[in-house]
Amino acid sequence: MTMENNAAIASPHVAKPGKPTGFKHFFKQLHAQRALVIMSVPFVIWLFIFKYLPLWGWTIAFQKYKPARSFSEQEWVGLEHFKFLFTDERFFRVLRNTLVMSFENLILGFVTAITLALLLNEVKNILFKRVAQTISYLPHFISWVVAAGIIQSTLSTDGIINTLLMNLGLIDEEILFLGIGKWFWGIYGASIVWKDVGWNTIVYLAAMTMIDPSLYEAAEMDGAGRFKKMWHVTLPGIKSVVIVLLIMNTGYLLESGFDVQYLLGNGMNIDYSENIDIFVLNYGIKMSNYSLSVAAGMFKTIVSFILLFAANNLSRRLGEARLY
Amino acid sequence: MAMAEAAVARSEAGPKKRKHRGIRRSTGDWVFDICNYTFLTLLMLVTLYPFVNQIAISFNSATDSLKGGIYLWPRVWTLENYKYVFKEATIFHATLISVLRTVLGTVLTVISSAMVAYTISRPDYVLRKFVTIAFVLTMYVNGGLIPTFLLMKSLGLINSFWVYIWPGLIGVFNLIIIRSFIEGLPDNILEASKIDGAGDFRTFFSIVLPLCTPVLATVSLFSGVYQWNSWFDVMIYNSSNIKLSTLQYELQKILQNSNAATTAASAFANSGNAGAAQVTPLSIRATMTIVASAPIIMVYPFLQKYFVQGMMVGGVKG
């Protein structure tokens, strides 16, 4: 009895069993790990300033924003801008363009990258494979400005496409591809494939190298030829990677890119090239209609957030790897 | 080698037996291979052609290029275009700014990202979840063009060099691949340093960082490419200040001008240096295209091992 009393008196803080909690402990730990705190917290502050603070700007979407006035002086208009957007013909066209182009991105991106990966995977000559891969990455590394310049000169009236078509007698006079709206979606598709197909194969090729070789041998025994092997061994082997990436990329459905549309878009093809980002730029910076611009951007981000969240959950539920 | 194999296979197999494959290749396989190699070669040529073409034009006399017909090599060799581009004060200065932002931006990005990645790789770090979620959340939400612009304005980053560095300091993708890499390091190394009594700073700088060289090479490449290729931020924030322009932005301006009427083009051709230097927008464009892409094109093949690893970690493992 006395021993226990002594113990109780000797240690005023009763040692709790299990993990200690409470603010005191928390700050104690912070102090013990202060090096780690110094290495991370300043950057969290940076994050807060540069990534979270701008969200405050979303209030502009609910105001009739005039830069000259301070925050409290702004006129509040509620959902007026959103109502405008959803009844505006131009915005629907913009939405249509965005969805078309991002679907193109999604489908084309996958099909071309997987196909190219399959073909590269079949190359037995290591040197050839290396060279082909290295060259295929080239367009990914140049900037879109350079790429757009190349695309422009390729598609120009005295560029190689027109020259070839003329020489083959397929057309009588040059086509100004970038001046015809209906061509834009095709040009967009071709551009993004040219730029990134090589890069996109990296993940699929990596997944293919992880397929158990004995599966191929087994398929051989069963008399499978090249194509059968691809269909029954390779493709199923990369299935999980494809599914994860497919799901994650649907989260980016409203992100149809910006550089291509800006650099190759012009007054003649704008009905087909203007997507949400360009719309935001046009209304925001060029026409100084800040409120409408922010409303459109906000709409995009919120929908993207929901899509990404759903995609991430779906992918997690399917038991595949998550985004983080 | 393949041909000998196939020849032997066909002679051994007697009359064409399609069913019996074994490890020998049938004619079907052969045809596929030929088609595959041909297709891939064509793909490579199509990818390379534009660059070869631009190089040819850049080394070709400007006035001669106007006649057209330059495809794979220069007809009238000259270094005039390059001389002009590098002597032009604006472009020379823009190149300097490009180099500066690439080097500084990359160094700062790599160090900051590595630091944060290290802290969140530590399972015992008390703020680990908080920091991780804070960063990951930014992949889902984005303030948008206008709010970001207004923020830069109030931070005084408009018309400033630092707008190239601060906003893009840490990218979540880079963070994740560094963290994954650190987590993949053998435990005993980090344990040993703890036993030796090394503090976190010491552990980070003397042990973790050197071990992370491969993934840091990857991040340096990604960051370097991003910095070198950026043009939109120049346009939005610094277009009014010619001293802050970068190579990509200057190229972009020339591209825009090229779309304008040819009268403007000839005006450009006649402006600048008098007499000797004969340059046209076409030749300037080609030359600048090469200058703007050559550094990266010459570097990336050597870093292939690293970025392939990086993409695997980021894409496959998640």
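All residue numbers refer to positions counted from 1 along the written sequence of the respective chain. In the order they appear in the text, chains get letters beginning with A and ligands get numbers beginning with 1. With the structure being a predicted model, the display of local features is reserved for residues of pLDDT at least 70 and the display and counting of side-chain atom pairs for 80 or more, all residues being used for whole-chain, interface and lining totals.

**Digging into the overall build of chain B**
Every helix listed is a DSSP run of H or I at least four residues long, and every strand listed is a run of E at least two residues long, numbered separately from the N terminus. Per the secondary structure count, chain B includes 16 helices and zero strands. Note that contacts rest on C-beta atoms placed from the backbone: two residues are in contact if these are within 7 Å. Within chain B, counting contacts between residues at least 6 apart in sequence, those at least 24 apart form 71% of the total.

**A look at the overall build of chain A**
When helices and strands are counted, chain A shows 16 helices and two strands. For the radius of gyration, the atoms used are the C-alpha atoms, and the globule rule reads 2.2 Å times the number of residues raised to 0.38. Its C-alpha atoms give chain A a radius of gyration of 28 Å, clearly above 20 Å, the size a compact globule of 324 residues would have. In this scheme every C-beta is placed from the backbone, and a residue whose C-beta has 20 or more other C-beta atoms within 10 Å is buried, one with 12 or fewer is exposed, and one in between is partly exposed. Going through the 324 residues of chain A one by one, you find that 36% of them count as buried. Counted over contacts in chain A with a minimum sequence separation of 6, partners at least 24 positions apart contribute 70%.

**Structural notes on the nonpolar core**
General note: in soluble globular proteins, nonpolar side chains tend to be found buried as a group. With 141 residues, the main nonpolar core has A117(A), Y204(A), V116(B) and I178(B) as its most contacted residues. For this core, the leading source of residues is helix α9 (residues 184-209) of chain A, giving 13 residues. When neighbours within four sequence positions are excluded, A117(A) is seen to be in contact with T201(A), Y204(A), L205(A) and M208(A). Connectivity within a nonpolar core runs through C-beta atoms within 7 Å, and the core itself is a set of buried Ala, Val, Leu, Ile, Met, Phe, Trp, Tyr and Cys residues.

**Structural notes on the interface of chain A and chain B**
In this assembly, 69 residues from chain A lie in contact with 70 residues from chain B. Counting residues per element, the side of chain A that touches chain B draws most heavily on helix α3 (residues 34-52) of chain A, at eleven residues.

**Concerning the confidence of the model for chain B**
Residue and element names in this part refer to chain B. Every residue carries a pLDDT, the predictor's confidence in it, which falls somewhere between 0 and 100. Within chain B, residue pLDDT values average 83, and 84% of them lie at 70 or more. Here residues 1-18 is modelled with pLDDT under 50, and outside its nearest four sequence neighbours on either side it reaches eight contacts, counting other chains as well. Per-residue pLDDT stays below 50 along residues 260-270; that stretch engages in eight contacts with residues further than four places along the chain or on separate chains. Here the predicted complex scores 0.85 on pTM and 0.85 on ipTM.

**Some details on helix α4 (residues 80-87) of chain B**
Residues and elements named next belong to chain B. For α4, every residue scored as buried is listed here: E80, N81, Y84 and V85. Looking straight down α4, one finds that the buried residues subtend no more than 130° of arc, so they occupy a single side. Opposite the packed face of α4, turned more than 90 degrees from it, sit the exposed residues F86 and K87. Looking at the buried residues of α4, the elements they touch are α2 (27-58), α3 (62-65), α5 (89-121) and α15 (281-299). Directions are taken from the helix axis to each C-beta atom, and the arc is the one they span.

**Things to note about the packing of helix α5 (residues 89-121) of chain A against α9(A)**
All names here are of chain A. The angle between two axes is taken between their N-to-C directions and runs from 0 to 180 degrees, where each axis is a line fitted to C-alpha atoms and a helix contributes only its stretch in contact. The interhelical angle for the contact between α5 and α9, taken along N-to-C directions, is 45°, at an axis separation of 6 Å. By the angle between their directions, the pair α5 and α9 is classed as oblique. The handedness of the crossing between α5 and α9 is right-handed. Residues are grouped as follows: Ala, Val, Leu, Ile, Met, Phe, Trp, Tyr, Cys and Pro are nonpolar; Asp, Glu, Lys and Arg are charged; all remaining types, including Gly, are polar. Classifying every residue of the contact of α5 with α9 by side-chain character gives 16 nonpolar, seven polar and one charged. Angles below 35 degrees are treated as roughly parallel, those above 145 as roughly antiparallel, those between 65 and 115 as roughly perpendicular, and all remaining angles as oblique. Note: crossing handedness is left-handed where the near helix turns anticlockwise from the far helix by less than a right angle, and right-handed where it turns clockwise.

**Things to note about the confidence of the model for chain A**
Of the residues in chain A, 92% have a pLDDT of 70 or more, and the chain-wide mean is 86. The spread of mean pLDDT over the elements of chain A runs between helix α1 (residues 2-10) of chain A, the lowest at 49, and helix α6 (residues 126-141) of chain A, the highest at 95.

**A word on the environment of N167(A)**
Along the polypeptide, N167(A) turns up in helix α8 (residues 160-167). In this structure the C-alpha to C-alpha distance between N167(A) and W199(A), which are 32 residues apart in sequence, comes to 33 Å.

**Observations regarding unusual backbone geometry**
Phi at S288(A) takes a positive value of approximately 55°, unusual for a residue other than glycine. Inspection of the secondary structure puts S288(A) in the loop between α15 (276-286) and α16 (290-317). The residue N159(B) is not glycine, and still its phi comes out positive at about 60°. Counting through the fold element by element, N159(B) comes out in the loop between α7 (145-154) and α8 (172-183). Judged by C-beta crowding, with 15 C-beta atoms within 10 Å, N159(B) ranks as partly exposed.

**Remarks on the environment of S65(B)**
Residues and elements named next belong to chain B. Its place among the elements puts S65 in helix α3. Under the C-beta neighbour-count criterion, S65 is labelled buried, with 24 such atoms within 10 Å. C-alpha separation for the pair S65 and V279, spaced 214 residues apart in sequence, amounts to 9.9 Å. Apart from the residues within four sequence positions on either side, S65 is in contact with I57, N60, I70, T280, L282 and S283.

**Some details on the packing of α6(A) against α2(B)**
Running from N to C, α6(A) and α2(B) point in directions that differ by 35°, and their axes come no closer than 9 Å. In this structure, α6(A) crosses over α2(B), and the sense of that crossing is left-handed. Seen from α6(A), the contacting residues are A132(A), I135(A), S136(A), L138(A) and P139(A); seen from α2(B), they are L40(B), M44(B), T47(B) and L48(B). Of the residues contributing to the contact of α6(A) with α2(B), the split by class is seven nonpolar, two polar and no charged.

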